Structures are given as structure tokens and as C-alpha cells.
Amino acid sequence: MSDDDHKRFLSIAQDEKPPILVLNVTVVEAQGLEAKDPNGFSDPYCMLGIQPANTLERRNSSDEELGSGSIKGSPRRQGGLKKLGASLKRRDRIRSNSISDTLPAKFIRTTSVKPQTLNPMWNEQFRLDIEDIRTDRLHLDIW
């Protein structure tokens, strides 16, 4: 290839927009959830979204100040969601570990509510946009 052709193709490639990365997620089921209703069951649903790195950095620095845990790795490696230390829903305004404080509601996805069960089966699919594959994290809560 000639130097002129190489420069021309390189210029075209550099002008291209980066690809849009999409994570396809299927929320299949949960088992053995804690009963939260007086009837001994719960009405569970799952909230999920992509947490950008900049919210993780902000949360981790505030977590160190507050003495709470931070999100690193998958919930499975952390020993379950209860130890995850974050939520998509606002729990209290003084010391919130919620990514809904930093993540707009339009980026949070929610499954359907499964009434009166501790073993919900959703099998629902979601497409979530990824900005930075190296630093963005999938976060989910089951309520």
C-alpha cells in the first residue's frame, strides 16, 4: 500500500465514531428470598443498571469517609447483594449508598413484580449501553 493510501485510510479510520457497546442481560430468577410481607411472602422485582466509573470513584471516596463498603467486582464474589453496600433505591438522605443519586432514572431498568413468592422467575431481557468497558459495572438489586 502506498504511503498516500495509508494516510488517507488512517485519516478515515480516526474520524470514525467509536462503536456503541451494549450489554445484553437476562434476569432469570432468584431463589430463597427473605419474606417481607405479613403473609410470609414478598412481591419481588429486580432493578439493574450500568454504574459508570465516575460514580464508583465518587462513591468509594465517600464510603471511605463514612466507613462503609464499596462496590468492587461482582455481587457473587462479594458474597451476595446484602454485602454489596449499594442500592439503586434511595434508603436515607443523610448516608445514602444509592447509585440513583448519581444515575438518572432513565438508565435504571426494572423487571416486573412477581407477587407473593420467594422464588421469582422473570426470564426478562435488557439491553444496557456501556460507555467504558474497562470501568463501568453492572449493578443490580432485588427488592
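Residues numbered from 1 in each chain as written. Predicted model: local features only at pLDDT ≥ 70, side-chain atom pairs only at ≥ 80, totals over all residues. Heavy atoms only, no water.

You'll find the protein chain entered in an unreviewed UniProt entry as BAI1-associated protein 3, with Nephila pilipes given as the organism. We quote the UniProt Sequence similarities (unreviewed entry) comment for the protein chain here in full: "Belongs to the unc-13 family." (UniProt positions renumbered as here; feature names shortened; annotations may be inferred.)

### A look at the overall build of the protein chain
A tally of helices and strands in the protein chain yields two helices and five strands. In the protein chain, the succession of α and β elements from N to C terminus is α-β-β-α-β-β-β. Each of the 143 residues in the protein chain was classed as buried or not, and the buried ones make up 28%. (Helix = DSSP H or I, 4+ residues; strand = E, 2+ residues; numbered from the N terminus. Buried < 20%, exposed > 50% of the residue type's maximum accessible area, 1.4 Å probe, protein only.)

### Quick look at the nonpolar core
If you look at the biggest cluster of nonpolar residues, it comprises 10 residues: V25, V27, A30, C46, L48, I50, W122, F126, L128 and I130. Residue assignment for this core shows that the elements contributing at least two residues are β1 (21-29), β2 (46-51) and β4 (121-130). Per-element accounting of this core gives the leading share, four residues, to β4. (Core = buried A, V, L, I, M, F, W, Y, C linked by side-chain atoms within 4.5 Å.)

### Focus on the sheet that holds β2
The three strands are arranged β3-β2-β5 in an open sheet whose pairing can be described as antiparallel. Each of the sheet's edge strands pairs with one partner strand only, and the pair in question is β3 (109-110) and β5 (137-142). Where β2 meets β3, two bridges bridge the pair, whose relative direction is antiparallel. By the bridge assignment, L48 is partnered in β3 with R109. (Pairing = 2+ DSSP bridges.)

### Digging into unusual backbone geometry
Located in the positive-phi region is Q116, a residue other than glycine, with phi close to 50 degrees. In this structure, Q116 sits in the loop between β3 and β4.

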